[in-house]
Amino acid sequence: TSPGLEGEAGNDSTRSYFVFLPGLADRMAMRAGGSMPAERDAAASDGHPVVEAAIPGDAAERLGLDVGDRLSTIPYWTDATGFASVEITAVFDRNDPEGDFWRLDDLFRSTTTGPYDTLPLYVSERAFMESVGKAYPAMASRYVWFLSVDTSRLDSDNAAAARAGITLLNLQ
């Protein structure tokens with residue numbers, strides 16, 4: 001939603017979600033004029049959070065967004081904060097679109113399609129935990145891990161230990 005039009009949120013098909021993805025900077029090609037989102041949390045004078053975000057190039061083109069643009073994210077639920085201001089600091093393309101790194105991101109993005117035009121907002125860890133998390137304590141979050149397994153190293157001697165390790169991860 002454009003800044004100042006927060007009261008009109010939900011009247012169109014545009015949606016967004018926040019993502020912290022470790023290692024993003026090493027696996028993206030930043031377009032001209034961009035910089036990685038700051039590793040800080042900030043608030044405007046009225047108390048709502050101000051968050052810097054990187055966005056994928058395909059979404060930027062689809063929504064007509066670029067570096068320096070600002071938007072407001074408004075939760076569809078009632079929460080501690082009515083909205084957050086987001087400044088786009090980078091537009092990027094994937095270095096290796098088919099690489100394993102993007103598998104979880106692709107899975108999550110595939111669940112946010114349908115009638116909505118969805119904008120992923122890639123933020124720093126601190127912004128995700130401190131700014132977004134504090135602003136929206138009732139927000140549903142997904143925490144996922146990608147486990148890369150070299151199956152050539154599995155054999156009958158270590159298979160049980162590997163399975164036990166994976167089971168332990170699922171309990172975390």
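Scroll up to find the structure this text is about.
Residues numbered from 1 in each chain as written. Predicted model: local features only at pLDDT ≥ 70, side-chain atom pairs only at ≥ 80, totals over all residues. Heavy atoms only, no water.

**Some remarks on the pairing of strand β7 (residues 117–122)**
Looking along a regular strand, one sees side chains alternate from face to face of the sheet.
Right, on to step 1. The element β7 is largely enclosed, with a buried count of 6 among its 6 residues.
Right, on to step 2. Residues D117, L119 and L121 line one face of β7 and the alternating positions T118, P120 and Y122 line the opposite face, and both faces are buried.
Right, on to step 3. For strand β1 (residues 14–19) and β7, the ladder comprises 6 bridges, and the chain directions are parallel. Among the inter-strand pairings, Y17 is bridged to a residue of β7, identified as P120. (Buried < 20%, exposed > 50% of the residue type's maximum accessible area, 1.4 Å probe, protein only. Helix = DSSP H or I, 4+ residues; strand = E, 2+ residues; numbered from the N terminus. Pairing = 2+ DSSP bridges.)

**Focus on the nonpolar core**
Right, on to step 1. In this structure, F18, I55, L119, L121, V123 and Y136 are the most contacted members of the largest nonpolar core, which totals 21 residues.
Right, on to step 2. Elements supplying a minimum of two residues to this core: β4 (49–56), α1 (57–63), β6 (84–94), β7 and α3 (125–135).
Right, on to step 3. Sequence-distant contacts of I55, defined by excluding residues within four places in its chain, comprise A60, L65, I88, A90, V91, F92, L119, P120 and L121.
Right, on to step 4. L24, M28, A90 and W102 belong to the second largest nonpolar core, which has 9 residues in total. (Core = buried A, V, L, I, M, F, W, Y, C linked by side-chain atoms within 4.5 Å. Contact = heavy atoms within 4.5 Å.)

**Section: the pattern of salt bridges**
Right, on to step 1. One pass over the structure, following the stated rule, counts 4 salt bridges.
Right, on to step 2. Notably, a salt bridge pairs R70 with E87, separated by 3.5 Å at the nearest N-O pair. Here E87 lies in strand β6 and R70 lies in strand β5 (residues 70–73), a separation of 17 residues in the sequence.
Right, on to step 3. A relative accessible area of 42% places R70 in the partly exposed class.
Right, on to step 4. Overall, E87 belongs to the partly exposed group, its relative accessible area being 25%.
Right, on to step 5. Between K134 and E130 there is a salt bridge, and its shortest N-O distance comes to 2.8 Å. Within this pair, K134 and its partner E130 are both found in helix α3, separated by 4 residues, close to a single helical turn. (Salt bridge = Lys/Arg side-chain N within 4 Å of Asp/Glu carboxyl O.)

**Brief notes about the packing of aromatic side chains**
Right, on to step 1. Inspection of every chain in the model, using the stated rule, returns 4 aromatic pairs.
Right, on to step 2. Pairing F92 with W102 gives two aromatic rings, centres 6.2 Å apart and planes at 20 degrees, and the pair type is stacked. With a gap of 10 residues between them, F92 in strand β6 and W102 in the loop between β6 and α2 (103–110) connect regions that are remote in the sequence.
Right, on to step 3. Relative to Y122, the ring of F92 has its centre 5.3 Å away and its plane inclined at 80 degrees; by these criteria the two rings are edge-to-face. Placement of F92 in strand β6 and of Y122 in strand β7 is noted, with a sequence separation of 30 residues between them. Each member of the pair F92 and Y122 is classed as buried.
Right, on to step 4. Each member of the aromatic cluster is reached from another via a ring pair, and the members are Y76, W77 and Y136. (Phe/Tyr/Trp six-rings, centres within 6.5 Å; stacked < 30°, edge-to-face > 60°.)

**Here we look at the pairing of β6**
Right, on to step 1. Extensive coverage of β6 is indicated by the burial of 8 of its 11 residues.
Right, on to step 2. Examined bridge by bridge, strand β2 (residues 28–30) and β6 share 3 bridges and lie antiparallel to one another. Within β6, the position partnered with M28 by the bridge is R94.
Right, on to step 3. Bridge analysis of β4 against β6 gives 7 bridges, and the strand direction is parallel. Bridge assignment links A53 to a residue of β6, and that residue is I88.
Right, on to step 4. As paired elements, β5 and β6 share 4 bridges and run antiparallel to each other. In the sheet register, L71 faces β6, and the bridge partner there is V86.

Geometry only, nothing functional implied.
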